[in-house]
Amino acid sequence: MNEPAANPHVPRPLLEARGISKSFPGVRALDDVQITVHPGRLNALLGENGAGKSTLMNILAGVFPPDAGEILLAGQPVRFKNPRAAQQAGIAIIFQELNLVPGLTIAENIFLGREPRTASGLLDAARMNREAAALLAEVELDADPRTPVGQLRVGAQQVVEIARALSLQARVIIMDEPTSAITRHEVAVLFRLIRQLKARGAGVIYITHKLDELKEIADDLTVFRDGRFIAARTFAGTSREEMVRLMVGRDLTDLFPKTSTPGTAERLRVQRLSLRHPGRPGDFLVRDVSFSVHAGEVLGLFGLMGAGRTELLQAIFGLHPRHATGEVWLDGRAVSPGSPRAAIAAGLALAPEDRQREGLVLSHSVAENATLACLAKICRYGLLQPAREQELVGGYVERLRIRTPTLRQAVRNLSGGNQQKVVLAKWLATEPRVLLLDEPTRGIDINAKKEIYTLVDELARAGLSVVMVSSELPEILAMSDRILVMATGGLTAEFGRGAATEEAIMQAALPAGKN
Ligand SMILES: Nc1ncnc2c1ncn2[C@@H]1O[C@H](COP(=O)(O)OP(=O)(O)OP(=O)(O)O)[C@@H](O)[C@H]1O
Ligand SMILES: [Mg+2]
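Since the structure is predicted, the reported quantities are computational estimates derived from the model, not experimental observations.

Student: What exactly am I supposed to notice about the overall build of the protein here?
Tutor: The secondary structure content of the protein amounts to 18 helices and 22 strands. For the protein, the C-alpha radius of gyration of 24 Å lies close to 24 Å, the compact-globule estimate for 515 residues. C-alpha extents for the protein along the principal axes are approximately 70 × 50 × 50 Å. A burial count over the protein gives 53% of its 515 residues as buried. By sequence separation, contacts in the protein at least 24 residues apart represent 69% of the contacts at least 6 residues apart. With the model as given, the accessible surface of the protein reaches about 22600 Å², and the carbon-plus-sulfur share is 51%. Of the charged side chains in the protein, 61 are positive and 57 negative, and the gap between their average positions amounts to 3 Å.

Student: Where do I start with the site of ligand 1 in this structure?
Tutor: Near ligand 1 lie 21 residues; those nearest to it are Gly 50, Lys 53, Thr 55, Ser 415 and Gly 417. At 3.0 Å from an oxygen atom of ligand 1 is found a main-chain nitrogen or oxygen belonging to Gly 52. Breaking the shell around ligand 1 down by element, the ones donating at least two residues are strand 2 (27-37), helix 1 (53-60) and helix 15 (416-428). Tallied by class, the residues present in the shell around ligand 1 amount to five nonpolar, 12 polar and four charged.

Student: How do you make sense of the sheet that holds strand 3 (residues 42-46) when you look at a structure like this?
Tutor: Sheets are built from strands paired through backbone hydrogen bonds, the pairs being either parallel or antiparallel. Here six strands make up an open sheet; going across it, the order is 6-7-8-3-9-10 and the pairing mixed. The open sheet is flanked by strand 6 (91-94) and strand 10 (228-234), the only strands paired with a single partner. Within the sheet, the average angular offset between the axes of one strand and its neighbour, ignoring direction, is 15 degrees. Contacts from helix 6 (residues 184-199) reach strand 3, strand 7 (172-176) and strand 8 (203-207) within the one sheet, and its direction differs from that of strand 7 by about 155 degrees.

Student: Explanation requested: the coordination of the magnesium ion (ligand 2) in the structure shown.
Tutor: Ideal geometry at a metal centre gives angles of 109.5 degrees when four donors are arranged tetrahedrally and 90 or 180 degrees when six donors are arranged octahedrally. Every protein donor of the magnesium ion (ligand 2) is listed here as Ser 54 (OG) and Gln 96 (OE1), and their distances to the metal cover 2.0 to 2.2 Å. Pair noted here: Ser 54 is in helix 1 and Gln 96 is in the loop between strand 6 and helix 3 (106-110), with a separation of 42 residues, a long-range link. Gln 96 sits in the buried class, given a relative accessible area of 16%.

Student: So what exactly am I meant to see when it comes to the domain arrangement of the protein here?
Tutor: Accessible area lost when the parts come together is the quantity often used to give the size of an interface. Each domain of the protein was delimited in the assignment, giving domain 1 (1-89 + 217-253), domain 2 (265-347 + 432-515) and domain 3 (360-431). The gap between the C-alpha centroids of domain 1 and domain 2 is 38 Å. Taken residue by residue, the interface counts eight residues in domain 1 and seven residues in domain 2. A combined buried area of about 630 Å² lies between domain 1 and domain 2, and 48% of that area is made up of carbon and sulfur atoms. For domain 1, the biggest contributors to the area lost against domain 2 are Glu 48, Asn 49 and Leu 252; these three give 61% of the whole. Counting every contact that joins domain 1 to domain 2 gives zero salt bridges. For the pair domain 1 and domain 2, the number of links is four residue pairs in polar contact (both at pLDDT 80 or more). Of the residues contributing to the side of domain 1 that touches domain 2, the split by class is three nonpolar, two polar and three charged.

Student: Just to check I follow, could you spell out the pattern of salt bridges for this structure?
Tutor: One side chain can pair with another of opposite charge once the charged atoms of both are near each other. Under the defined criterion, the tally for this structure stands at 32 salt bridges. Glu 140 is paired through a salt bridge with Arg 192; the nearest N and O atoms lie 3.0 Å apart. You can see Glu 140 sitting in the loop between helix 4 (125-138) and helix 5 (154-167) and its partner Arg 192 sitting in helix 6, a full 52 residues away along the chain. Take Glu 140: its relative accessible area is 39%, and that puts it in the partly exposed class. Residue classification places Arg 192 among the partly exposed positions, given a relative accessible area of 30%. Residues Arg 482 and Glu 494 are paired through a salt bridge, measuring 3.0 Å at the closest nitrogen-oxygen approach. Remark: Glu 494 occurs in strand 22 (residues 490-496) and Arg 482 occurs in strand 21 (residues 482-487); sequence separation between them is 12 residues. Counted as one network, the salt bridges with shared partners bring together Glu 16, Arg 18 and Glu 70.

What counts, and where the lines are drawn
Residues numbered from 1 in each chain as written. Chains lettered and ligands numbered in written order. Predicted model: local features only at pLDDT ≥ 70, side-chain atom pairs only at ≥ 80, totals over all residues. Heavy atoms only, no water. Helix = DSSP H or I, 4+ residues; strand = E, 2+ residues; numbered from the N terminus. Rg over C-alpha atoms; globule rule 2.2 N^0.38 Å. Buried < 20%, exposed > 50% of the residue type's maximum accessible area, 1.4 Å probe, protein only. Contact = heavy atoms within 4.5 Å. Areas by Shrake-Rupley, 256 points an atom, 1.4 Å probe, with all protein chains shown as cover. Lys, Arg positive; Asp, Glu negative; His and termini not counted. Charge placed at Lys NZ, Arg CZ, Asp CG, Glu CD. Near = heavy atom within 4 Å. Polar contact = N/O pair within 3.5 Å; in protein donor to acceptor, adjacent residues only side chain to side chain. Nonpolar A, V, L, I, M, F, W, Y, C, P; charged D, E, K, R; others polar. Pairing = 2+ DSSP bridges. Axes fitted to C-alpha atoms, helices over the stretch in contact; angles between N-to-C directions. Donors = N, O, S within 2.8 Å, 3.2 Å for Na, K, Ca; no water. Domains from an automatic or database assignment. Buried area = accessible area lost by both parts, 1.4 Å probe. Salt bridge = Lys/Arg side-chain N within 4 Å of Asp/Glu carboxyl O.

Right, dumping it as structure tokens:
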């Protein structure tokens, strides 16, 4: 499929990849794909989970070579032996799965492998920290460059990756889902930086599942499906419907299939729950939160990043025994505090936000991960029943469209979005009575999002209660029976279905200064 060049009036492409193919054992990740990046323009690479986007980015960044195909940089064929070679040629990448060394400081990570040296060849730490501080100022990250990266929240780590990519002064910058974990303010900063990069003639490849953010930054579009090139277009001439059709291969109607209505019985009651800050005495991550959820109810929990939503779910689930106070009741019975095991036994499940750190054992298979929390159901007389496992896990793989060659594939080898789906499968398989979902659709493609919404709706109809934390206002508005809003650790508003608007929710989510 050879489409005309995106724009005939632009100068020679900065970067062209043609005929690129790549296979992994059991998976043809890329099959004869192409992408072209022009100076001063941003090319948004779109496609479903597992379409091959990150694989192509890894090839362009020298992480591994393609099986076939060629890469031209400013018209010259190039072959990168390793990431350093790509970097030296002027290609910088912000990886989807963050790639920093947790034990090193921010400055050490930014300058890893190219640390400033004194005349006598020694590490010039003062200069390194000074230059890192200037970069942090540019990306507006309020942190000391000597802070170990492992102490930063995921979003801040993402900003450090952005600072590192900027410091390379690259001609081509690849961003693989850079906004998946950063705050609204950080997104605004990133978009300002992208405009600056374009103004100085750099080219950007930008991967995202958040189509709404493209209108601020995108010039061109490239779409892959199942490892194949589908189309190259200009952004301005392409409607949202068409983007979805190109990605999914068909029209996608009714993204939010809400049909459930809540019952009257109280299922979950959270009473005066507080969570002390582990490091700052007198400070609270969650303060005095009380609410209840009915059987079959979908409760949306909205807040800006840092509002305490994740911490609230974790405290309900018993993950902070030493710092939490308050009570959790399930069907009229107190859940013994401070123990996830007791929470699971009582019928609670928490699908966490940070899949790499909390959700998965990456070296284990899809089947092992998906059944980790529900072994009783697939074991008999202490022995694993493969047929049951196959039926249970196979069902979720199909339902959530998890793209994997077999159930035995190591989760590490799945694409980012498909890993997230395994986390969901794992907790759905426990058949809980209350499901706590923390950003369930982060990094998930639009088609699988619809599948997840449908599943949540079906589960709610069957009487399951759902508490869904999300930063995506449209999904909160469409899927919730009721919406609670949090800011700086406390509840600030409650809206019934239909009574909420985006403006009112945002208003309640903004921190009201110090209380
Ligand atoms: N190291 C690997 N070993 C085996 N299979 C792999 C490996 N890396 C990627 N794959 C497979 O290649 C395919 C493409 O994966 P890729 O990560 O490029 O998808 P993606 O488009 O970035 O998806 P997402 O939107 O979920 O991030 C997937 O089926 C994935 O499981
Ligand atoms: Mg990816």
